[in-house]
Structures are given as C-alpha cells and as structure tokens.
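One-letter residues, chain by chain:
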Amino acid sequence: MADPRYSQADDELELLLRNAELRDELEPYFDEAISRVTVQHLPLAVENEYLASMLAWESAPILPIYRWFEPELRPPRPEALSDEDLHTILGDVIRKLFEKRIVLDFTDHLSDRELYRLIYRDILPAREKKVDLGSNYIHWDCAGASGDPEIWLRYYATPEERAAWAETYRQPLPPRARPPYPRQLPREPS
C-alpha cells in the first residue's frame, strides 16, 4: 500500500511546477491589469486553473466566428432561402454555434428570418477571441444588437430592472409584452 503522504507531496510538487510554467508563459503578457489580480489566497489548483484561463485568453487568435469552423460556416444568404429552408438551416446554424459554445440570448422577439439575418450579418462575421477552454461560453445579446434598449425593456427586463432603468434614465417605459416567437434554444449548463 502506498503512503498517502508521498502522493500528496507529489501532487503539490506537480501543482507548483505547473504554476511556475504558467507564470513563465504569461510573462510576455504581464501588465498592470494582471498585476492587480490577487491569487495568493487561492488554493494552488484553483490559481493554476485561473492562470491557464488567462494564458488561453491572451494567446487566443481573434477570428471572424465563421472561421471557427472546419469547413468555414458559410450558410446561404437569407434572401436566397424559402421560409421552410430557412427554418431548417437556422436550426442547423444555431446547433453549430452552440457546439462552439456560442449561446444566443433574447431571441424570442425575432422571427426566424430576422434571427437568421442577425446571425448571418452580425454574428458570423464578428471578430472574437477563440478561447477554447471547454467551459467558457460567449453569450450573444440578440435584444441589444440594434442598440435600442426598448426591445429588452419591452420583452425581457424584470419589473425591478424596468423600474431601475426608468429611474436612471428618466424616460417612459415601453409597455410590457410577450415575445411573439418563443423558442427553446440550447443554453449554457448551470
């Protein structure tokens, strides 16, 4: 039977070596933002996980989202599709985006064609860091795409959020309404 003290010491040594390796790899990216992060009070395994996520972020390529796929995700132009074809392709594109951990939030106010157009025009060509950690998700706010808070306020904001917005901006609120196109889209696991 193995002595548990040795396996604990070996694990601790591995964690310390990994910590030093991560810190060396992060050295070229060191700036005041990194120096403000206090990790001394974290367990070494958690600190290493955090440092690995920082390194993944710093070294991730910035690419248009359509280039995250092999082959590139280049669906047909919205105008070229019938409603039936668009619905089928939209479901496929949403599934593929979710496989790359891109979650579409606040879509129930958009028709299938409007959502497909938003994905085609705004999401797929957007240049984003392709961070591949297996646990990170990009949440795309489909209500805020136009920059108009009325959509969010009308369909998605809670009564508390609506009241806070009205107090902050001192503008009238749009009436609450149910989104016309409820959908069940893939969600980030809780």
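Our structure is the block above this text.
What you are looking at is a predicted structure, and each value in this text was computed from that prediction instead of being measured.

Counting residues in hydrophobic clusters, the biggest one holds 25 residues, and the most contacted among them are Ile-65, Leu-97, Leu-104, Leu-115 and Ile-119. When contributions to this core are tallied by element, the ones reaching two or more residues are helix H4 (83–99), strand E2 (102–105) and helix H5 (112–123). Ignoring any residue separated from it by four or fewer positions in sequence, one finds Leu-104 in contact with Ile-94, Leu-97, Leu-115, Ile-119, Ile-123, Trp-140, Cys-142, Leu-185 and Arg-187. One finds Leu-22, Leu-26, Leu-51 and Met-54 within the second-largest nonpolar core, a separate group that totals five residues.

This next bit is on the side chain of Ser-111. By the element assignment, Ser-111 lies in the loop between E2 and H5. Look at Ser-111 and you get buried, because its relative accessible area is 16%. Setting aside residues no more than four positions away along its own chain, Ser-111 makes contact with Tyr-181 and Arg-183.

This brings us to the side chain of Thr-107. The topology assignment puts Thr-107 in the loop between E2 and H5. Thr-107 gets classed as buried once you look at its relative accessible area, which sits at 3%. Setting aside anything within four residues of it in sequence, one finds Thr-107 in contact with Leu-115, Cys-142, Tyr-156, Arg-183 and Leu-185.

About the thresholds
- Numbering of residues starts from 1 in every chain and runs along the sequence as written.
- Local features in this predicted model are restricted to residues whose pLDDT is 70 or higher, and side-chain atom pairs enter the listing and the counts only when it is 80 or higher, whereas totals over whole chains, interfaces and linings include all residues.
- Only heavy atoms go into the side-chain values, all of them from the structure, while hydrogens and water stay out.
- Note on terminology: a nonpolar core comprises buried Ala, Val, Leu, Ile, Met, Phe, Trp, Tyr and Cys residues joined through side-chain atoms within 4.5 Å.
- With a 1.4 Å probe rolled over the protein chains alone, any residue whose accessible area is under 20% of its type maximum counts as buried; one over 50% counts as exposed, and the rest are partly exposed.
- Only DSSP runs of H or I covering at least 4 residues are called helices, and only runs of E covering at least 2 are called strands; the numbering of each starts at the N terminus.
- The contact definition used throughout considers only heavy atoms, calling two residues in contact when any of these lie within 4.5 Å.

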